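For reference, the chains in residue letters:
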Amino acid sequence: MSFNPADLGYLVPYLILAATGMLLVLAEAFYHGEDRTALATLTAAGAFASAIASVVLFRQLEGNTKISLLGDMLVADRTGYVLSALFAVTTGLAALSSPAHQREHDWQIGEYYGVMLLSASGMVMLAHAANLVTVFLGIENMSIGVYVMCAMRRRSRRGNEAAMKYFLIGAFATGFLMYGIALIYGAGGTTKIAQLATVLSQTKNPGLVVAGGFLLVIAFGFKVAAVPFHMWAPDAYEGAPTPVTAFMAAAVKAAAVAAMIRVFGTALGGDVVPFGTLGWASPLVVIAAITITVGNITAVRQDNIKRMLAYSSISHAGVLLVGVSALGLGAPSANTSLVYYLIAYSFTTMGAFAIVAYVGSRNRERLLVDDWAGLGAQHPAIALGMTILLLSFGGIPPTGGFFAKFYIFKAAMEVYDGQLLWLVVVGVINSAISIYYYLRIVTAMYFREATQPFAPTRSGGLLFVIVVCPLLVLELGIMPGWWLRLVG
Amino acid sequence: MPGSFVLPLVLGLPILGAIFVMCMPRSETTLHRGLGLAFTIATLVASLFMLRYFNPREAGFQLVFDTEWIPGLGAHFKTGVDGISVFLVLLTTLLMPLTLLCTGKAIEKHVREFTAAMLVLETGMLGAFVSLDLFLFYVAWEVMLIPMYLLIGIWGGQRRLYASIKFVIYTMVGSLLMLVAIFYVYVQAGSVLGGYTTDLERLLTVALPYNAQVWCFAAFALAFAIKVPLFPLHTWLPDAHVEAPTAGSVILAGVLLKFGIYGFLRYAMPMFPHGAAVWAPTIAILSVIGIIYGAIVAFAQDDVKKLVAYSSVSHLGFCALGVFALTSYGISGSIFAMLSHGLTTGGLFLGIGVLYERRHTRRLSEYGGIWKQMPVFAGLFLIVVMGSAGLPALSGFVGEFLTILGTFIAGDTLPGGYELPMPRLLGALAATGVVLGAIYLLWMFQKVFFGKLDKAKNGKLPDLNGRELATFIPLVIGIFLLGVFPRPLLFVMEPAVQKFTRDFGRRITECDGPPHSYGTRSCDPRMKGQADIQRNLDDVARGAAGVSHTLGGTGGTGGTVNTPPGAGARGDEGAAGNGAGGSAESAGSAGSAGTGRPTP
């Protein structure tokens, strides 16, 4: 393992996030006053600067170049930079939507922003991970920050419960992850992701690989909230402060999928594991099908919008797993489609939760679907934005969500011999189910009368997120060509 | 291509109008109404330019506009019209301004949003009619859904929540299964053509395996059958119609239902001829059931809107039957009947809207004897009713006559492998629908306009005002013109319809096998039996289960198993093809044996 100072140039996005994060923790110590808008602005500035750095580095790399960094611990490639830019932008959006929520609900804690950026640095590490050890470090770096953010609203009992649950289950998943990595290492003799594929196909201990692969599937299942490892998600999403929920649902999930792209796409990709014709994907496709279905059907029964969106995000995790399975089974467009889906899903989620934060206020959080009755008449622009985002969640054109789903399912259809056709049918039928509960919110907003006037939480940052996300989601759906060239 | 700017203009104007209207201040309702009307009229004028550039003697697509949309996916923004779609586009652009005009003061809340929704809906509908790209078609198809949902849900009647959700769920289930079939076609065609594309004309050069055609057709047919709607998938329609505002009903019946028939003609049947052959008997029988069932149920209604809704089930049954009769009479008649239905049912719903605005009820028993009060309205409405009932010299007659005629003679002209059960009986049964239609429509007219004026509230009903007259007169003129001069329309449709049947006949005779381009595997229908035998031998060789395929009675149009010279060579060729096709071939043929494929 050698340290080459030149490698640091490729890690500027990471370094910006980490440095700004530590700076913010320090700044909080010297900060006077209640309102934390200045800290949030600094956070967003750091995050967007990191995103710009990623874009610059992205443009310097040729199509398929992979540059090994820090002795094969990290890798610089185009997919990695697109994803780290996405994580940084998502973090910036989450930071912008936070101070108003902090003010309205009395949890003005400045460390929050530092922790958020440090957590984001873990995500960037995941996007560039080239070694199972960095995968582990990245996941822990990211998760510990999110446990803390989840618990920030100290006076809320639900918040405490959510944080505790999330922390315990997260620690449990870490055990699976560690154990899985250990077994894979035992079978292959290395933790370098690029080498594992070849090493594992010649292993003398296929049993170890099978067991290790299963443990990794379980560990990532916890992280992306796939059924049956999803039990923590609805409680955590409901109890956490809304901007944190957005951060968890969008960025944390996306980062876990980024790690899956590395681990399952490269390390375990190819003809490695004797699991049957589908390899390690055989447990994964079953989990994907169950996740989509259970997530959707449970969401139909929810009256609380945050819980509904939590279950919806579980079902989206299922769709992402379809993409990961297709990736492992060698579908050519799977990688692109996954990255595209993450982009569309992240913006949709950030926008939707920002609107949830906007609609609620100090006295009334308005989390029930019934509380949204009449929003369309009183705040037509906000309701229109939410409608666009919900249609994107449901996969109706012309939104980014439709095209993302289209692309993932297309990748699944490319798998040899149409082996994932049934999974596509399951996914598509679930889309029809999901329309029902997304339209419940639209129905409440437009078709019913308000019982009392809305008193939304107003702030510039929040409004920025609310305006930008629906527009981006529409743009992603109408003009996907530019984004495809970017991620493909 | 000359005139290629017309269709993008026609598509762009309404969406531009929607954006424009949304930018206006909220309280300026008159301005919103005026702008909506102006933009729909501008669209109508733009669509009339189609006729200037349209060559009626040409069968293929004209006014084609083609530009790359999503390069990585092979999706194009490609639009064009042929004799089948050109009048449907005109019908849409004609009905839209009339609908907005008739709405007038009936919509008072959220006028801006209403106008914008109507304009977005118009773009979606026109896009689905003129799209020549599967991806663009699907996008347009879904774009229609949301504005219609909002129209029913926001401006609808008492049970609008139920009706709007039911409408969306029904449509979504159908269209999503269609999406799966689109994926399948897309991926298969991509491997045959050596590059992904969603261009319809290029997709049509690919022959899919028999079994895949059957399933894909089923998926497309479900989406379209829900839209038509075919019995027993029609239950969303009466709810949607009853709850929708007048404008929504007019557009729903006048245009949206046509997408079912149009989808069969443009997409499902040309892409999957073998699938069409397998499902045609089922669909034809369901159409006839729909014709009679719709008519009988319509007779039992007290709610006028429900009556007209069920009459749509009946009338669209004729259209579906005509298409699946696969004769040029039947198909031309079907398109003609769609145009006529758009005008007459549009007129019926407008008339109901006029009555509802005055009396705020749709119950037949609440009316009676209002001829004297509203003589102008009664006269115009009578023409509309007669047109709908199929009185000769009015529009309804031509379409229904042609579809029945087309069905009646279908037995003589069907291509090999495509059969209808007892076409003469189907035609005769369908003809009873015409009689039933006359009964319930005249009964409705009589209950409303004749009899004693015994309800006090009916005593002082004002006759049509200028705005209402302006909406009725174009429709009545159209109904007359279509009935008296059907020739020009049929003349324009003819080349496209002939091309449709010709292509269909050519495609269905091509032997199935692994996905390939039409014309690259040389096998003529007489060799089909040989191909089957060869495939069965292959199946046996692979140990595939379920080879209970009967070999007797094969032999295509000849009716006998003949062994022309060179059969051995063909067998070899088939074997070579199998070798190249790999397991896809074995999967396809084993599957087709398993499903009990009808031997031609």
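Please read these numbers as outputs of a predicted model, since none were measured by experiment.

1. Re the overall build of chain A
Tallying secondary structure elements over chain A gives 19 helices and two strands in all. Relative to the compact-globule value of 23 Å for 488 residues, chain A shows a C-alpha radius of gyration of 21 Å, a close match. Projecting the C-alpha coordinates of chain A onto the three principal axes gives extents of approximately 70 × 55 × 40 Å. Partitioning the contacts of chain A with sequence separation of at least 6, the portion at a separation of at least 24 is 79%. Surface accessibility of chain A: about 16300 Å² in total, with carbon and sulfur atoms responsible for 64%. Treating the 28 positive side-chain charges of chain A as one cloud and the 23 negative ones as another, the clouds have centres 2 Å apart.

2. Points about the overall build of chain B
Secondary structure summary: chain B contains 23 helices and four strands in total. In chain B, which comprises 600 residues, the proportion classed as buried is 61%. Across chain B, every contact between residues at least 6 apart in sequence was considered, and the portion connecting residues at least 24 apart equals 80%. Of the roughly 20500 Å² of accessible surface on chain B, a fraction of 66% belongs to carbon and sulfur atoms.

3. As for the packing of helix 1 (residues 6-23) of chain B against helix 4 (residues 111-130) of chain B
Residue and element names in this part refer to chain B. The interhelical angle for the contact between helix 1 and helix 4, taken along N-to-C directions, is 165°, at an axis separation of 8 Å. The angle between helix 1 and helix 4 falls in the class roughly antiparallel. For helix 1 against helix 4, the interelement crossing comes out left-handed. Where helix 1 approaches helix 4, its residues Leu-7, Val-10, Leu-11, Pro-14, Ile-15, Gly-17, Ala-18, Val-21 and Met-22 are matched on the opposing element by Arg-112, Glu-113, Thr-115, Ala-116, Leu-119, Val-120, Glu-122, Thr-123, Leu-126, Gly-127 and Val-130. Split into classes, the residues belonging to the contact of helix 1 with helix 4 amount to 13 nonpolar, four polar and three charged.

4. Some remarks on the environment of Pro-495 of chain B
Residue and element names in this part refer to chain B. When you line up the elements, Pro-495 lands in helix 20 (residues 487-509). Placed 439 residues apart in sequence, Pro-495 and Pro-56 show a C-alpha to C-alpha distance of 7.7 Å. Excluding residues that lie within four positions of it along the chain, Pro-495 makes contacts with Pro-56, Arg-57, Glu-58 and Ala-59.

5. Some remarks on the pattern of salt bridges
Going through the model one piece at a time under the given rule, you end up with 27 salt bridges over all chains. Note that Asp-82 of chain B and Arg-266 of chain B form a salt bridge whose closest N and O atoms lie 2.7 Å from each other. Of this pair, Asp-82 of chain B sits in the loop between strand 2 (75-81) and helix 3 (86-103) while Arg-266 of chain B sits in helix 11 (residues 258-271), and the two are 184 residues apart along the sequence. Residue classification places Arg-266 of chain B among the buried residues on the basis of a relative accessible area of 5%. Look at the salt bridges and you will find they share partners, linking Arg-158, Glu-161, Lys-165, Asp-235, Glu-238 and Arg-307 of chain A into a network.

6. A closer look at the interface of chain A and chain B
Between chain A and chain B, the residue contacts involve 36 residues of the former and 37 residues of the latter. At the junction of chain A with chain B, the criterion picks out zero salt bridges. Summed over the shared surface of chain A and chain B, the result is six residue pairs in polar contact (both at pLDDT 80 or more). Counting residues per element, the ones that place at least two in the side of chain A that touches chain B are helix 15 (380-394), helix 16 (400-414), helix 17 (421-447) and helix 19 (480-487) of chain A. Classifying every residue of the side of chain A that touches chain B gives 28 nonpolar, three polar and five charged.

7. Quick notes on the pairing of strand 1 (residues 62-70) of chain B
Residues and elements named next belong to chain B. Of the strand pairs in this sheet, strand 1 and strand 2 are connected by six bridges, and their pairing is antiparallel. Note on strand 2: the bridge partner recorded for Phe-65 is Thr-79. Here strand 1 folds back onto strand 2 in antiparallel fashion, the turn holding four residues, of which Gly-74 has a positive phi close to 75°.

8. Some words on unusual backbone geometry
Residue and element names in this part refer to chain A. Here the amide bond leading from Pro-397 into Pro-398 is cis, since omega sits at 0°, within 30 degrees of zero. Here Pro-398 is to be found in the loop between helix 15 and helix 16. Not every positive phi belongs to a glycine, and Leu-70 is a case in point at roughly 50°. Of note, Leu-70 is situated in the loop between strand 1 (67-69) and strand 2 (74-76).

9. Observations regarding the packing of helix 12 (residues 305-328) of chain A against helix 16 of chain A
All names here are of chain A. The geometry of helix 12 relative to helix 16 is characterised by a closest axis approach of 8 Å and an angle of 35° between their N-to-C directions. Both helix 12 and helix 16 take part in a crossing whose hand is left-handed. Together, Val-319, Val-322, Gly-323 and Ala-326 of helix 12 and Lys-405, Ile-408, Phe-409, Ala-411 and Ala-412 of helix 16 make up the contact between the two elements. Class assignment for the residues of the contact of helix 12 with helix 16 results in seven nonpolar, one polar and one charged.

10. Here's the deal with the packing of aromatic side chains
Per the stated rule, a full pass over the model turns up 61 aromatic pairs over all chains. Both rings, one in Phe-5 of chain B and one in Tyr-53 of chain B, keep their centres 5.9 Å apart while their planes meet at 85°; by these two values the pair is edge-to-face. Separated by 48 residues along the polypeptide, Phe-5 of chain B in the segment before helix 1 and Tyr-53 of chain B in helix 2 (residues 29-53) bring together distant segments of the chain. Taking 5.6 Å as the distance between ring centres and 20° as the angle between the ring planes, the aromatic pair formed by Phe-397 of chain B and Phe-401 of chain B counts as stacked. On the criterion of helical spacing, the pair formed by Phe-397 of chain B and Phe-401 of chain B is a turn pair, its members being four residues apart in helix 16 (residues 395-408). Looking at Phe-401 of chain B, the relative accessible area reads 44%, which means it is partly exposed. Grouping aromatic residues by their ring pairs yields a cluster made of Tyr-340, Phe-402, Phe-403, Phe-406, Tyr-407 and Phe-409 of chain A together with Trp-69, Phe-135, Tyr-138, Phe-183, Tyr-186 and Tyr-196 of chain B. The ring of Trp-141 of chain B has Lys-227 of chain B sitting right over it, with the charged end atom 4.8 Å from the ring centre.

11. Side note on the environment of Thr-387 of chain A
All names here are of chain A. The residue Thr-387 is located in helix 15 in this model. When residues no more than four places from it in sequence are discounted, the contact partners of Thr-387 are Val-442, Met-445 and Tyr-446. For Thr-387, the side chain forms a polar contact with the main-chain oxygen of Ala-383, separated by 2.6 Å.

12. Regarding a nonpolar patch on the surface
There is a patch of nonpolar side chains on the surface, built from Ile-473, Ile-477, Phe-480, Leu-481, Val-484 and Phe-485 of chain B and spanning about 550 Å² of accessible area. Take Phe-485 of chain B: its relative accessible area is 52%, and that puts it in the exposed class.

13. Section: the side chain of Ser-47 of chain B
All names here are of chain B. Among the structural elements, Ser-47 can be located in helix 2. Of note is the side chain of Ser-47, whose polar atom sits 2.7 Å from the backbone oxygen of Leu-44. For Ser-47, the side chain forms a polar contact with the side chain of Thr-93, separated by 3.0 Å. Dropping the residues within four chain positions of it, Ser-47 is found in contact with Val-10, Leu-90 and Thr-93.

14. Notes on helix 16 of chain A
Taking 1.5 Å of rise per residue, the 15 residues of helix 16 of chain A would be expected to cover 21 Å, and the 21 Å separating its terminal C-alpha atoms lies within 8% of that figure. Burial of helix 16 of chain A is extensive: 15 of the 15 residues sit out of reach of the surface.

15. Overview of the environment of Thr-266 of chain A
Among the secondary structure elements, Thr-266 of chain A is positioned in helix 10 (residues 242-267). Sequence spacing of Thr-266 of chain A and Leu-327 of chain A is 61 residues, and the spatial spacing of their C-alpha atoms is 9.2 Å.

16. Quick look at the side chain of Ser-84 of chain A
All names here are of chain A. Inspection of the secondary structure puts Ser-84 in helix 3 (residues 78-105). Residue classification places Ser-84 among the buried residues on the basis of a relative accessible area of 1%. Reaching out from Ser-84, the side chain makes a polar contact with the side chain of His-128 at a distance of 3.3 Å.

17. A short note on helix 15 (residues 375-389) of chain B
Residue and element names in this part refer to chain B. The end-to-end C-alpha distance of helix 15 is 21 Å, a good match for the 21 Å that 15 residues give at a rise of 1.5 Å each. Phe-377, Ala-378, Leu-380, Phe-381, Val-384, Val-385, Gly-387, Ser-388 and Ala-389 are the residues of helix 15 that are buried. Those residues of helix 15 that are buried lie in contact with helix 13 (304-325), helix 14 (328-359), helix 16, helix 18 (423-449) and helix 19 (466-484). Within two residues after helix 15, Gly-390 carries a phi angle of roughly 90°, on the positive side.

18. Digging into the confidence of the model for chain B
Residue and element names in this part refer to chain B. On average, residues of chain B score 82 in pLDDT, and 86% of them are at 70 or above. Ignoring residues within four places in sequence, the model shows residues 543-600, a span with pLDDT below 50, making 68 contacts including any to other chains. Across the whole predicted complex the pTM is 0.87, and at the interface the ipTM reaches 0.88.

Each value, and the rule that gives it
- Residues numbered from 1 in each chain as written.
- Chains lettered and ligands numbered in written order.
- Predicted model: local features only at pLDDT ≥ 70, side-chain atom pairs only at ≥ 80, totals over all residues.
- Heavy atoms only, no water.
- Helix = DSSP H or I, 4+ residues; strand = E, 2+ residues; numbered from the N terminus.
- Rg over C-alpha atoms; globule rule 2.2 N^0.38 Å.
- Contact = heavy atoms within 4.5 Å.
- Areas by Shrake-Rupley, 256 points an atom, 1.4 Å probe, with all protein chains shown as cover.
- Lys, Arg positive; Asp, Glu negative; His and termini not counted.
- Charge placed at Lys NZ, Arg CZ, Asp CG, Glu CD.
- Buried < 20%, exposed > 50% of the residue type's maximum accessible area, 1.4 Å probe, protein only.
- Axes fitted to C-alpha atoms, helices over the stretch in contact; angles between N-to-C directions.
- Parallel < 35°, antiparallel > 145°, perpendicular 65-115°, else oblique.
- Left-handed = near helix turned anticlockwise from the far one by under 90°.
- Nonpolar A, V, L, I, M, F, W, Y, C, P; charged D, E, K, R; others polar.
- Salt bridge = Lys/Arg side-chain N within 4 Å of Asp/Glu carboxyl O.
- Polar contact = N/O pair within 3.5 Å; in protein donor to acceptor, adjacent residues only side chain to side chain.
- Pairing = 2+ DSSP bridges.
- Phe/Tyr/Trp six-rings, centres within 6.5 Å; stacked < 30°, edge-to-face > 60°.
- Lys NZ or Arg CZ within 6 Å of the ring centre and 35° of its normal.
- Patch = residues over 30% accessible without salt bridge, like charges linked within 9 Å, V, L, I, M, F, W, Y side chains within 5 Å.
- Expected span 1.5 Å × (residues − 1).
- pLDDT = per-residue confidence, 0-100.

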